[in-house]
Amino acid sequence: MTSTETPAVDNGVNVEALLGARAALTDAPPAAQFQWRASNEWVNGTHSRSTVSGFSGLGAEHTHRQPYTVEADHPQVFASEDNGATPPEIVLAALASCLTAGVATVATHRGVQLRSVTATIEGNMDLAGILGIDSDVRNGFDGIKISYTIDADASKADIEAIVAQSQKRSAVFDIVANPTTIQVEVV
Amino acid sequence: MVIGAGQAGLAMSHHLSGRGIDHVVLDRGEIANSWRTERWDSLRLLTPNWMTRLPGHRYDGSDPDGFMTKDETVSLLSSYGLSFGVPVHSHVTVEQVTAKSTGFDVVTNQGTWSCDAVVAATGASSEPRLPAVAADIPGRIDQLTALQYRNPDQLGKGDVLVVGASASGVQIADELQRSGRSVTVAVGEHIRLPRRYRNRDIHWWMNAIGQLDERYDEVDDLTRARRLPSLQLVGSPEHRTLGVGSLVDAGVETVGKLMRIAGPKAQFSGGLANLVANADLKQNRLLDRIDEHATEHGLDSDLPKPTRPEPTRLGGAPTELAMCRFDTIVWATGYRPSYSWLDRAAFDQRGRLIHDGGVCALPGLYLLGIPFLRRRKSSFIDGVGPDAAELVSHLHAFLDNRTRVISR
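The rules we used
Residues numbered from 1 in each chain as written. Chains lettered and ligands numbered in written order. Predicted model: local features only at pLDDT ≥ 70, side-chain atom pairs only at ≥ 80, totals over all residues. Helix = DSSP H or I, 4+ residues; strand = E, 2+ residues; numbered from the N terminus. Buried ≥ 20, exposed ≤ 12 C-beta atoms within 10 Å, placed from the backbone. Contact = placed C-beta atoms within 7 Å. Domains from an automatic or database assignment. Nonpolar A, V, L, I, M, F, W, Y, C, P; charged D, E, K, R; others polar. Axes fitted to C-alpha atoms, helices over the stretch in contact; angles between N-to-C directions. Parallel < 35°, antiparallel > 145°, perpendicular 65-115°, else oblique. Left-handed = near helix turned anticlockwise from the far one by under 90°. Pairing = 2+ DSSP bridges. Core = buried A, V, L, I, M, F, W, Y, C linked by C-beta atoms within 7 Å. pLDDT = per-residue confidence, 0-100. Expected span 1.5 Å × (residues − 1).

Explain the overall build of chain B to me, using residue names and the numbers behind them.
Tallying secondary structure elements over chain B gives nine helices and 24 strands in all. Taking the principal axes of its C-alpha atoms as reference, chain B extends roughly 70 × 60 × 40 Å. When the 408 residues of chain B are sorted by exposure, 43% land in the buried category. The long-range fraction of contacts in chain B, counting pairs at least 24 apart against all pairs at least 6 apart in sequence, stands at 70%.

Take a look at the structure:
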């Protein structure tokens, strides 16, 4: 795709660069290998702080413009101090952020100007799981529901297609929807 | 030397004969061997009879909109071969094709042949494409692939998990559910289509709007186009539509893509709702194109009004199921060609055959009869003829050129 074929929309996404990266990484598969990292430190009680700074990819080490921190805690109804979002809420936020980024990217690629994109996301959980009350109840969400409201220069079907494509290309959607092998060690 | 006496090998032979190019066709079995030995009993062509066009052959029967059975397809290809005296050598298994400085050596179980050029026409479905998770299935569960499946009597009476929901998967799941078994189908990415739309077969429309003629050098992403799953269709006397929705109506349980076996449980993707919504959207986009075509060509007055199929309903989509429920797993996860017998010089470092629309990088080697080789319908009976015509022109020029070089 050349720049002349892309309609002039500005959603703040550099689609040209992404398409260039796709072409480059198709030709050089090892450069597509990325590693994302976070460190986490207990503060007090159920409060902990995660920090992200470095990651690797494109055959090199990189750092964010600055380190970012994410505070996590449990709410007061759990007899905690509520110094941050609960970890499951952070997962919901990550999923919504990933899909919204995808919506903006796909929309730009398809020449659709966005005016507003808002989403609400709900994850239902039966605490009988994590409290060990009922071994048949899973710890995690029973299901997640996301509802998008999008104002854009496109038909409803086109907007639905953009949201569907965003799910198809989303890292966090895949992370949440599909099993991942996790190895936890103590050093 | 043409290897394989199926639709592709026969179409190529017809064109070679037409140009007076001396050739033979080898097959490990007889004409239409895969149709004789590797298809389930109830299978019919997915394309209507009028689309069983081959070079020099047109359907002239009484049911142009019907779908040929497996046996009728074998008859069609056999009598087509006889009609022009195809120089077929049956029961010759090719073991090795080696490129020499000029021409090829073809080593078979019946001796070695020498030839100037080779056409690999062994089909798109030589072996099943199995996901890695297949290796983790407990030994007590019977497993068979769509290439091995014949009919429900092959299976025990217990519950069945069918993995895959393209043409093979939905047809096998449907047949097993009708046989009284409890069937679960694991659904990955798929292409939903109605069998008929506005009183015409969907293939009539896809042909009319030019989609089946889209060329390999014109599509945006050829790699993706070649990897697309088969259309979710069945050929039946009733012209019925078969897809995830009709399976759910018949009582089949749906789950997402099979991701892994974790102890006693099978885990499935939680992303099924999106795949189904995506398939509905893409189907409706095609129907929009068809409606536009109908209006542009003044067909609306002769046709029923446009309608849209109901969105697909899922009967739940559990992400975990106990493996002990299942007696049998049927893998309908796709097929791939096999070129293990072909000179390694024809492949790139990652083991992919290097070719441009069937003209291989290895001079004198040609490829025919695989999905989207030169056009969207390349793997259809109706599509192999035009591909063969283009390849035979190249082959003819190659042979002429070579003769000049040698005689110089």
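Please provide a residue-by-residue account of the domain arrangement of chain B, values included.
All names here are of chain B. For chain B, the domain assignment lists domain 1 (2-126 + 337-407) and domain 2 (138-331). Summarising the inter-unit geometry, the C-alpha centres of domain 1 and domain 2 are found 28 Å apart. With 22 residues of domain 1 at the interface, the matching set in domain 2 holds 24 residues. Here the side of domain 1 that touches domain 2 is built from residues that sort into nine nonpolar, five polar and eight charged.

So what's going on with the interface of chain B and chain A? Residues and values would help.
Listed by partner, the interface residues are twelve residues for chain B and ten residues for chain A. Elements with a minimum of two residues in the side of chain B that touches chain A: strand S17 (258-262) and helix H8 (272-296) of chain B. With five residues, the single largest contributor to the side of chain B that touches chain A is H8 of chain B. In terms of residue class, the side of chain B that touches chain A is built from four nonpolar, seven polar and one charged.

Break down the packing of helix H3 (residues 156-168) of chain A against H8 of chain B for me, citing the residues and quoting the values.
Taken N-terminus to C-terminus, the directions of H3 of chain A and H8 of chain B make an angle of 140 degrees; their axes are 10 Å apart at the nearest point. The orientation of H3 of chain A with respect to H8 of chain B, classified from their angle, is oblique. As for the relative orientation of H3 of chain A and H8 of chain B, their crossing is left-handed in sense. Here Ala 157, Glu 160, Ala 161, Ala 164, Gln 167 and Lys 168 of chain A of H3 of chain A lie close against H8 of chain B, whose contacting residues are Asn 274, Ala 277, Asn 278, Leu 281 and Asn 284 of chain B. A breakdown of the residues in the contact of H3 of chain A with H8 of chain B according to their chemical character gives five nonpolar, four polar and two charged.

Describe the sheet that holds strand S11 (residues 183-186) of chain B, and please don't skip the residues or the numbers.
All names here are of chain B. Strand order in this open sheet of five strands is S9-S20-S10-S11-S16, and the pairing throughout is parallel. Strand pairing shows two members of the sheet lacking a second neighbour, strand S9 (142-145) and strand S16 (253-255), which therefore form its edges. On average, each strand axis in the sheet is tilted by 20 degrees relative to the strand beside it, whichever way the strands run. In the sheet, strand S10 (residues 159-163) pairs with strand S20 (residues 326-331) via five bridges, with the strands oriented parallel. In the sheet register, Val 162 faces S20, and the bridge partner there is Val 330.

Describe in detail the packing of helix H2 (residues 87-109) of chain A against H3 of chain A, supporting the description with residues and values.
Residue and element names in this part refer to chain A. Closest axis-to-axis distance for the H2/H3 pair is 8 Å, and the angle between their directions is 120 degrees. Regarding the angle of H2 to H3, the classification is oblique. Of the two elements, H2 crosses H3, and the hand of that crossing is right-handed. When H2 is examined against H3, the residues Leu 99, Gly 102, Val 103, Val 106 and Ala 107 are found in contact with a partner set consisting of Ile 162, Val 163, Gln 165, Ser 166 and Gln 167. Considered class by class, the residues forming the contact of H2 with H3 number six nonpolar, four polar and no charged.

Give me the nonpolar core: which residues, what numbers.
Residue and element names in this part refer to chain B. Counting 52 residues, the largest nonpolar core has Ile 3, Met 12, Val 118, Val 119, Tyr 366 and Leu 368 as the members making the most contacts within it. Element by element, the count of residues in this core is highest for helix H9 (residues 381-407), at six residues. Filtering out sequence-adjacent residues up to four positions away, Leu 368 remains in contact with Ala 8, Met 12, Val 119, Ala 121, Gly 358, Leu 373, Val 384, Asp 387, Ala 388 and Leu 391. In this structure, Ile 172, Val 187, Tyr 197 and Leu 233 belong to the second largest nonpolar core, which totals 46 residues.

Tell me about the confidence of the model for chain B, and please be specific about residues and values.
Per-residue pLDDT for chain B averages 95, and the proportion of residues at 70 or more is 99%. The ipTM, which scores confidence in the relative placement of chains, is 0.80 for this predicted complex, and the corresponding pTM is 0.90.

Could you give an account of H8 of chain B, with specific residues and numbers?
Between its first and last C-alpha, H8 of chain B extends 36 Å over 25 residues, near the 36 Å set by a 1.5 Å rise per residue. Here H8 of chain B has its buried residues at Leu 272, Asn 274, Leu 275, Val 276, Asn 278, Ala 279, Asp 280, Gln 283, Leu 287, Ile 290, Asp 291 and Ala 294 of chain B. In this structure, the buried residues of H8 of chain B make contact with H3 of chain A together with strand S12 (191-192), strand S13 (196-197), helix H5 (202-208), helix H7 (244-249) and S16 of chain B. Following H8 of chain B by one or two positions, Gly 298 of chain B has its phi on the positive side, about 65 degrees.

An account of the pairing of S20 of chain B is needed here, citing residue identities and associated values.
Residue and element names in this part refer to chain B. Across the six residues of S20, five count as buried, placing the element largely inside the fold. Pairing geometry for S9 and S20, over four bridges, is parallel. Opposite Gln 143, over in S20, you have Ile 329 as the bridge partner.

Break down the environment of Glu 61 of chain A for me, with residues and values.
Residues and elements named next belong to chain A. The residue Glu 61 is located in strand S4 (residues 60-72) in this model. Note on Glu 61: 10 C-beta atoms within 10 Å, which makes it exposed. On a C-alpha basis, the gap between Glu 61 and Asp 142 in space is 38 Å, while along the polypeptide they are 81 residues apart. In contact with Glu 61, not counting residues within four places along its chain, are Gly 54 and Ser 56.

Could you give an account of the pairing of strand S3 (residues 47-57) of chain A, naming the residues involved and the relevant values?
Residues and elements named next belong to chain A. Sheet analysis places strand S1 (residues 35-36) next to S3, joined by two bridges and oriented antiparallel. Looking at the pairing, Trp 36 lines up with Phe 55 of S3. The pairing of strand S2 (residues 39-44) with S3 spans five bridges and is antiparallel. Pairing of Ser 39 across the sheet is with Thr 51, part of S3. Between the end of S2 and the start of S3, which pair antiparallel, lie two residues, with Gly 45 showing a positive phi angle near 60 degrees. Pairing between S3 and S4: nine bridges, direction antiparallel. Directly across from Ser 56, in S4, lies its bridge partner Glu 61. Here S3 folds back onto S4, and the loop between the two strands holds two residues, one of which, Leu 58, carries a positive phi near 55 degrees.

A description of the sheet that holds strand S4 (residues 94-99) of chain B should follow, citing residues and the corresponding values.
Residues and elements named next belong to chain B. Strand order in this open sheet of three strands is S4-S5-S6, and the pairing throughout is antiparallel. Unpaired on one side and paired on the other, S4 and strand S6 (111-115) mark the two borders of the sheet. Each strand of the sheet is rotated relative to its neighbour by a mean of 20 degrees, with strand direction disregarded. The sheet contact formed by S4 and strand S5 (residues 104-108) spans five bridges and is antiparallel. Bridge pairing in S5 places Ala 99 opposite Phe 104.

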